[in-house]
Amino acid sequence: MRVLFITSTRLGDAVLTTGLLGHLVERLPDARFTIACGPIAAPLFQAVPRLDRIIAMPKRRLAGHWVDLWRQVVGHHWDLVVDLRDSAVSWLILARRRATFRGGDDRQPKVVSLGRVLGLDPPPAPRLFLNDALRAQALALVGPDDGAPILALGPAANWTGKEWPADRFAALARHLVAGPLLAGAAPARVMVLASEAERPRCAPVLEALTAALGMSRVIDLVGRTDPLMAGACLERARLFVGNDSGLMHVSAAAGTPTLGLFGPTPIHLYAPWGPRAMAVMAPEGPQGPQSPEARMAALTLDRVEQAAADLLARVGART
């Protein structure tokens, strides 16, 4: 059985579709999978069971990336095409069955709308496809478990209007690692994750934490992981706090207690999904609309720290 799974270009949206893919992997034990997605999201799928191929689709002018995809898949007869982009490609190839996402209900979480593509209610939760080799690589990056809890931070996002101020991330980390929420057999460490392109915005956080905690307690993973390896590293964390981003969704899919920070983007659609995740929304200003940056700055350190405490109280300590 051959399945073509066409998913998103953006990392966060692609993560939200992994629950559907996991459902198919489990329910179709004889299926072989071809996955089409954006280049940034492609590493997410490298360890999918019974994977035949990942087709990365860099955007081209005049929708040329869709023409490229059609050329690569038209020569096969597919048993199932799941098209979460509602593209013409899925209708221009031979397929016994098609399931397409034709836009969700903006009143409900994106994951719920995606689940309805396959008639699944409740929807399957996003998940990561990890294996022992990936976890061994993560161990080498993060270091052995010495009893020190790990606080993971995602200080960057795909635009600055979604970013909580860097000095607040640093202050939050200092408060949390010094308090009872992250108590362990050894002093807590802080792990910072982002792409290399986002390093300038993470640098103030890394510098402040290194000055306060010392280099041995700061794990700098900026530019050192792809999305799936980031998830393998995040499995080791007791708590993740980060902006609304693809990394936030990777953390939730890894099962790490995940606190997402929201301001200008719709929290009801894109809050991290799952029983070990929650989100906090920056308040609107009393004087009317604010710039996205000003709204994120209105989210106080106390509010985020209390939300982190509430989340860890709800899920219990994770070792």
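Residues numbered from 1 in each chain as written. Predicted model: local features only at pLDDT ≥ 70, side-chain atom pairs only at ≥ 80, totals over all residues. Heavy atoms only, no water.

1. Some details on the pattern of salt bridges
Inspection of every chain in the model, using the stated rule, returns 15 salt bridges. Here Arg201 makes a salt bridge to Glu163, at a shortest N to O gap of 2.6 Å. Here Glu163 lies in the loop between β6 (150-154) and α6 (166-178) and Arg201 lies in helix α7 (residues 199-213), a separation of 38 residues in the sequence. The exposure class assigned to Arg201 is partly exposed, which follows from its relative accessible area of 28%. Salt bridges sharing partners connect three or more residues here, namely Arg10, Asp13 and Lys110. (Salt bridge = Lys/Arg side-chain N within 4 Å of Asp/Glu carboxyl O. Helix = DSSP H or I, 4+ residues; strand = E, 2+ residues; numbered from the N terminus. Buried < 20%, exposed > 50% of the residue type's maximum accessible area, 1.4 Å probe, protein only.)

2. Observations concerning unusual backbone geometry
In terms of backbone geometry, most residues other than glycine have negative phi values and most peptide bonds are trans. Here Asp121 and Pro122 are connected by a cis peptide whose omega angle stands at 10°. With respect to the helices and strands, Pro122 occurs in the loop between α4 (110-115) and α5 (132-142). A positive phi is found at Arg50, a non-glycine position, where the angle reads about 55°. The residue Ala63 is not glycine, and still its phi comes out positive at about 60°. On the secondary structure map, Ala63 appears in the loop between β3 (51-56) and α3 (64-73).

3. Looking at the nonpolar core
Judged by nonpolar contacts, the single largest core of 55 residues is most densely connected at Leu21 and Met191. Considering every element that reaches this core, the biggest residue donor is helix α8 (residues 227-234), with six residues. Mapped onto the domain boundaries, this core takes at least three residues apiece from domain 1 (2-118) and domain 2 (133-317). Grouped together as the second largest cluster of nonpolar side chains are 37 residues, Trp164, Val192, Val218 and Leu312 included. (Core = buried A, V, L, I, M, F, W, Y, C linked by side-chain atoms within 4.5 Å. Domains from an automatic or database assignment.)

4. Structural notes on helix α9 (residues 246-253)
Taking burial as the measure, the eight residues of α9 include eight buried ones, the bulk of the element. By the burial criterion, the buried members of α9 are Gly246, Leu247, Met248, His249, Val250, Ser251, Ala252 and Ala253. Phi for Gly255, located one or two positions after α9, is positive at around 85°.

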